[in-house]
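Reading the structure
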Amino acid sequence: MESHTVFELRRYRLLPGGREPLIDLFDREFVEPQEALGMRVEAEFRDLEDPNAFVWVRSFRDMEARTEALQSFYSGPIWKKHGPDANATMLNSDNVLLLKSAGAMQPFARNLQRKQETERPETSGIVIANTCSLAPTKETDFASFFFDHALPVIQDAGARVEAAFVTEQSPNGFRRLPVREGETVFVWFECHEDEAGVARYRERLRRNADWTDDIYPRMDSLCWRDIEVARLTPTSRSLCAW
């Protein structure tokens, strides 16, 4: 599978009742045409705590390839035909983080190939996306601390970490689609089998004195607001699932 280095974490705020029509449209009309242009739809999610949110991740080989692919897709016949129906479900589509891998871990390396999608059972699992808002000078400190201290504890407690990202600071080459510029974030995705697995994981962390007394407070101190935690469930076409 071709290595991709640029990722978008996209969170759409939808009109009441808009999520299921958007997912149906997205999966029917938008997945294959994007991937034919070199993009990869890595993951699609429903937010378990917000019925009017659709969250998804797509990736690109690099920033130049991103600009070219987006220009082709959003100027092409598929978007011209179906884009108005997609936009009609949305209140806002500008909550977008442009990201790159935070370390040696290849993001979503366990994802299925698209051709394997129809061969699997139904998607399952709970994916937790953790977004840490940092001062620009804290990005390296946070990433180093996460991989050296937090990640081993998170994994020992039962989470499968699928990806860890920092902000891609290159200029947005496709201004028609805004991204959250001027921000520095660290984002990690963790996967759990089910709600019971999440509960067991959190209880193990709660009982780990290193986590409660040192590791989590240290991460929290490097953030300028509370760490944002989104509990997500994969859609039927998401390549990221349990």
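To start, this report covers the structure provided alongside it. (Residues numbered from 1 in each chain as written. Predicted model: local features only at pLDDT ≥ 70, side-chain atom pairs only at ≥ 80, totals over all residues. Heavy atoms only, no water.)

1. Quick look at the overall build of the protein
Helix and strand counts for the protein come out as 6 helices and 8 strands. In the protein, the succession of α and β elements from N to C terminus is β-α-β-β-α-α-β-β-α-β-β-α-α-β. A compact globule built from 242 residues should have a C-alpha radius of gyration of about 18 Å, and the protein, at 18 Å, falls within 12% of that. With 242 residues in all, the protein has 51% of them scored as buried. Within the protein, residue pairs in contact and separated by at least 24 positions form 83% of the contacts whose partners lie at least 6 positions apart. (Helix = DSSP H or I, 4+ residues; strand = E, 2+ residues; numbered from the N terminus. Rg over C-alpha atoms; globule rule 2.2 N^0.38 Å. Buried < 20%, exposed > 50% of the residue type's maximum accessible area, 1.4 Å probe, protein only. Contact = heavy atoms within 4.5 Å.)

2. Considerations on the sheet that holds strand β4 (residues 90-101)
Read around the closed barrel, the 8 strands follow the order β1-β3-β2-β8-β5-β7-β6-β4; overall the barrel is antiparallel. In this sheet, adjacent strand axes meet at a mean angle of 35 degrees when their direction is disregarded. Here strand β5 (residues 126-134) pairs with strand β8 (residues 228-234) via 5 bridges, running antiparallel. Bridge pairing links Ala129 to Ala230 in β8. Lying over the sheet, helix α2 (residues 63-74) contacts β1 (6-14), β3 (53-60) and β4, oriented at roughly 125 degrees with respect to β3. (Pairing = 2+ DSSP bridges. Axes fitted to C-alpha atoms, helices over the stretch in contact; angles between N-to-C directions.)

3. Digging into unusual backbone geometry
Comment: phi is negative for the bulk of residues other than glycine, and the bulk of peptide bonds are trans. The backbone of Phe108 shows a phi angle near 55 degrees, a positive value even though the residue is not glycine. Position of Phe108 relative to the elements: it lies in the loop between β4 and β5.

4. Looking at the pairing of β3
Within β3, 8 of the 8 residues are buried, which leaves it mostly tucked inside the rest of the structure. Here β1 pairs with β3 via 8 bridges, running antiparallel. Bridged to Leu9 within β3 is Val57. Of the strand pairs in this sheet, strand β2 (residues 40-47) and β3 are connected by 6 bridges, and their pairing is antiparallel. In the sheet register, Glu44 faces β3, and the bridge partner there is Trp56. Connecting β2 to the antiparallel partner β3 that follows it, the hairpin turn spans 5 residues.

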